[in-house]
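Below are the chains, spelled out letter by letter.
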Amino acid sequence: IFEDAEMNNAVKAALLANFLSQGAVCSNGTRVYVHKNVYEEFVERVVDATKAMKIGDPMHEDTVVGATISKQQAEKVLGYVARAKESGAVVLCGGDRVILPQPLDQGFYLSPCVLTNVKDDSEIVKHEVFGAVMCVMSFESEDEVVNRANVWILFFCRVFSRHSIMLRQIET
């Protein structure tokens, strides 16, 4: 997110990229790079918007965040958040189990999490969490953010390139 971004749209895009389907999609935008000159404003707005997201029954029109797919996945996401905190990340909101009233009390609901003070080489940044976790990181220049983002693009290109080669070798 650059200095000239329209901030309302940037916040909406970050929320959609991170919390759609509780973050359980391969294209989840866990890493949000924000220019240092608009970082504080973006963080404040995205935290406020995240806190306002209704957690509950996805069949209700006003619900934004539904349950995590399973107990195992919820524990995995909570583990990522706990280890991120241990390594110095700051949880600005979320990252907790939410127990809703019956009949939803058996679901594995997690509050959407916004983290700052995360490093590019930290586990939560390097791995796909498949949960509602947003890591907000600042940058100073276009070259810097492109170089940092390219690390992940190269990784995924290698993964998918090898995956594609392997798929062609499998007979159906």
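Read on for an overview of the structure. (Residues numbered from 1 in each chain as written. Predicted model: local features only at pLDDT ≥ 70, side-chain atom pairs only at ≥ 80, totals over all residues. Heavy atoms only, no water.)

### What to know about the packing of aromatic side chains
A full pass over the atoms with the stated rule returns one aromatic pair. For R83, the ring lying beneath its charged end belongs to Y80, and the centroid distance is 5.2 Å. (Phe/Tyr/Trp six-rings, centres within 6.5 Å; stacked < 30°, edge-to-face > 60°. Lys NZ or Arg CZ within 6 Å of the ring centre and 35° of its normal.)

### What to know about the pattern of salt bridges
Evaluated as defined, the whole model comprises seven salt bridges. The partner of R31 in a salt bridge is E128, with the nearest N and O atoms 3.3 Å apart. Of this pair, R31 sits in strand β1 (residues 31-35) while E128 is found in the loop between α4 (123-126) and β6 (133-139), placing the two residues 97 residues apart along the sequence. Look at R31 and you get buried, because its relative accessible area is 16%. Beyond isolated ion pairs, a larger network of salt bridges with shared partners links D120, E144 and R148. (Salt bridge = Lys/Arg side-chain N within 4 Å of Asp/Glu carboxyl O. Helix = DSSP H or I, 4+ residues; strand = E, 2+ residues; numbered from the N terminus. Buried < 20%, exposed > 50% of the residue type's maximum accessible area, 1.4 Å probe, protein only.)

### A look at the environment of P103
Looking at the element boundaries, P103 is found in the loop between β3 (97-98) and β4 (109-110). You can call P103 exposed: its relative accessible area is 74%. Through-space distance from the C-alpha of P103 to that of D57 is 9.6 Å; in sequence the pair is 46 residues apart.

### Points about the environment of Q106
Topologically, Q106 is positioned in the loop between β3 and β4. Along the primary structure Q106 and K71 are separated by 35 residues, whereas in three dimensions their C-alpha atoms are 9.7 Å apart. Of the polar contacts made by the side chain of Q106, one reaches the side chain of D105; its length is 3.4 Å. (Polar contact = N/O pair within 3.5 Å; in protein donor to acceptor, adjacent residues only side chain to side chain.)

### So, the side chain of E128
Among the residues examined, E128 registers a relative accessible area of 17% and is labelled buried. In terms of polar contacts, E128 uses its side chain to reach the side chain of R31, at 3.3 Å.

### A few points about the state of the cysteines
Per the counting criterion, the structure on display carries zero disulfides. Unpaired in terms of disulfides, C93 finds its nearest cysteine sulfur in C113, a separation of 6.7 Å. (Disulfide = S-S within 2.5 Å.)

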